[in-house]
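Structure at a glance
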Amino acid sequence: EELLGGIDLVVLSPGVSLYHPLVTAANSRGIQVVSEIEVAFRLCAAPIIAITGTNGKTTTTALTGEMMKTTGRATVVGGNIGLALSQEVLGVPADGVVVAEISSFQLEAVELFRPRIAAILNLTPDHIDRHRTMAEYQAMKERVFANQTEEDFLVLNYDDPAVRDMASRTRARVFFFSRRERLPAGAFVADDRLVIQWDGIHTDLIPVKDIRIKGAHNVENALAAAGAAWLAGAGETGIR
């Protein structure tokens, strides 16, 4: 605990729990404790697309990053994959974009973190040894959109009831994706094709059979990535 002497700010690696005795001691002394992605957000000049969920984060983040690279904007992919996000965002211009895989561990100690676009893919019991209850785990996931405003977007899995219900707790504009339902707006499967319906514009992307990463879960990942990239300005050719 003597390590805390003269310390103004504690930055947590995702591997260090909020319940760690040293973190508890820092809190009791009134020392500010934040996550590493909070530092990254404060350092980042570019808008952030943040992708979280129990499963599929890495695939969806990678797909979204590839789609955004087709726009010609400087694109950095990081977060829970690759180097620390606070290092990755350095030097990214304001007109670039950061696509970040974000875990529940990284969301435990955010304060100002506000992605321009956030996506929540699904929610199933996981990391309960760390978060203690399913309710707490879900609460950590929901921190990804806690600071979003009406100017931001939240991409949600319509087929997951717990995730779908998050639409009632956000100020952001909600964009649903669904593998099972034809939606009035969002990204979904229709006649075995991936399509986007948004702001009165219907965009036909590709046949499901042409997705090279197989499995129903990857159809969902592709829909989420397509939706996030579409909202961030990627065109249909780049998404295809």
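Residues numbered from 1 in each chain as written. Predicted model: local features only at pLDDT ≥ 70, side-chain atom pairs only at ≥ 80, totals over all residues. Heavy atoms only, no water.

**Points about the overall build of the protein**
Keep this limit in mind: The helix count covers DSSP runs of H or I at least four residues long, the strand count covers runs of E at least two residues long, and both are numbered beginning at the N terminus. The globule rule is 2.2 Å times the number of residues to the power 0.38, and the radius of gyration it is compared with is taken over C-alpha atoms. Classification of residues uses two cut-offs on accessible area relative to the type maximum, computed with a 1.4 Å probe and protein chains only: under 20% is buried, over 50% is exposed, and between them is partly exposed. In this description, contact between two residues means that some pair of their heavy atoms is separated by no more than 4.5 Å. All accessibility values rest on the Shrake-Rupley procedure with a 1.4 Å probe; residue burial counts only the protein chains present in the view. The positive count covers Lys and Arg only, the negative count covers Asp and Glu only, and His and the chain ends enter neither. By convention, charge coordinates are those of NZ in Lys, CZ in Arg, CG in Asp, or CD in Glu.
For the protein, the helix and strand inventory stands at ten helices and eleven strands. Expected size for 240 residues packed as a compact globule is a radius of gyration near 18 Å; at 18 Å, the protein falls within 12% of this value. If one aligns the C-alpha atoms of the protein with their principal axes, the spans along those axes are about 65 × 40 × 30 Å. Scored against the burial criterion, the 240 residues of the protein give a buried share of 50%. Relative to all contacts within the protein whose residues are 6 or more apart in sequence, the contacts with residues 24 or more apart total 60%. Accessible area for the protein stands at about 10,800 Å²; split by element, carbon and sulfur atoms hold 52% of it. Here the protein contributes 23 positively and 29 negatively charged side chains, and the mean placements of these two sets differ by 4 Å.

**Points about the packing of aromatic side chains**
Rules: Centres within 6.5 Å make a pair out of two Phe, Tyr or Trp rings, where for Trp the six-membered ring is used; the pair is then stacked when the planes are under 30 degrees apart, edge-to-face when over 60, and tilted otherwise.
Tallied over the full model, the rule gives three aromatic pairs. Judged by centre distance (5.9 Å) and plane angle (80°), the ring pair of Phe41 and Phe113 falls under edge-to-face. Of the two residues, Phe41 sits in helix H2 (residues 36-43) while Phe113 sits in the loop between helix H5 (104-107) and strand E6 (117-120), which places them 72 residues apart along the sequence. When its relative accessible area of 0% is taken as the criterion, Phe113 is described as buried.

**Focus on helix H1 (residues 21-28)**
Which entries qualify depends on this criterion: Picture the helix axis, draw a direction to every C-beta atom, and the arc is the one those directions span.
Within the sequence span of H1, burial applies to Val23, Ala25 and Ala26. Burial along H1 is one-sided: seen end-on, the buried residues are contained in an arc of 160°. Exposed residues on H1 whose side chains face more than 90 degrees from its buried face are Pro21 and Ser28. Each element contacted by the buried residues of H1 is listed here: strand E1 (9-12) and strand E2 (32-35). Just downstream of H1 lies Gly30, where phi reads positive at about 80°.

**Some words on unusual backbone geometry**
The phi dihedral of Asp191 is positive, around 55°, even though this residue is not glycine. Relative to the helices and strands, Asp191 is located in the loop between strand E9 (186-190) and strand E10 (193-198). Non-glycine residue Asp199 carries a positive phi angle of around 50°. Mapped onto the fold, Asp199 is located in the loop between E10 and strand E11 (201-207). In this structure Asp199 comes out as exposed when scored by relative accessible area, which is 53%.

**Side note on the sheet that holds strand E5 (residues 97-101)**
What counts, and what does not: Strands qualify as paired when DSSP identifies two bridges or more between them. To get an axis, fit a line to the C-alpha atoms, keeping to the stretch in contact for a helix; angles then go from 0 to 180 degrees between the N-to-C directions.
The sheet built from nine strands is open, its strands ordered E4-E5-E3-E6-E7-E8-E9-E10-E11 with mixed pairing. Among the strands making up the open sheet, the edge pair consists of strand E4 (75-79) and E11. With direction set aside, neighbouring strand axes in the sheet form an average angle of 20°.

**Some remarks on the nonpolar core**
Here is the rule: Take the buried Ala, Val, Leu, Ile, Met, Phe, Trp, Tyr and Cys residues and link them wherever side-chain atoms come within 4.5 Å; each set so joined is a nonpolar core.
In this structure, Ile49, Met68, Ile117, Leu194, Ile196 and Ile239 are the most contacted members of the largest nonpolar core, which totals 33 residues. The biggest single contributor to this core is helix H9 (residues 216-231), with ten residues. Beyond its immediate stretch of four places on either side in the chain, Met68 contacts Ile49, Arg73, Thr75, Val97, Val99, Ala229, Ala232 and Ala234. Counting residues in each nonpolar core, the second largest holds 32 residues, with Cys44, Ala46, Val98 and Tyr137 among its members.

**Some points on the pairing of strand E8 (residues 173-178)**
Two elements, strand E7 (residues 153-157) and E8, share five bridges in a ladder whose sense is parallel. In the sheet register, Asn157 faces E8, and the bridge partner there is Phe177. Across two bridges, the pairing between E8 and E9 is parallel. Across the sheet, Phe177 pairs through a bridge with Ala187, a residue of E9.

**Details of the side chain of Gln106**
Applied cut-off: As used in this structure description, the phrase polar contact means that two N or O atoms lie within 3.5 Å; if the pair is within protein, one of them must be able to donate a hydrogen and the other to accept it, and residues adjacent in sequence are counted only when both atoms belong to side chains.
Of note, Gln106 is situated in helix H5. A polar contact is formed between the side chain of Gln106 and the backbone nitrogen of Ser103, at a distance of 2.8 Å. Sequence-distant contacts of Gln106, defined by excluding residues within four places in its chain, comprise Pro14, Ser35, Glu36, Ile37, Gly79, Asn80 and Glu101.

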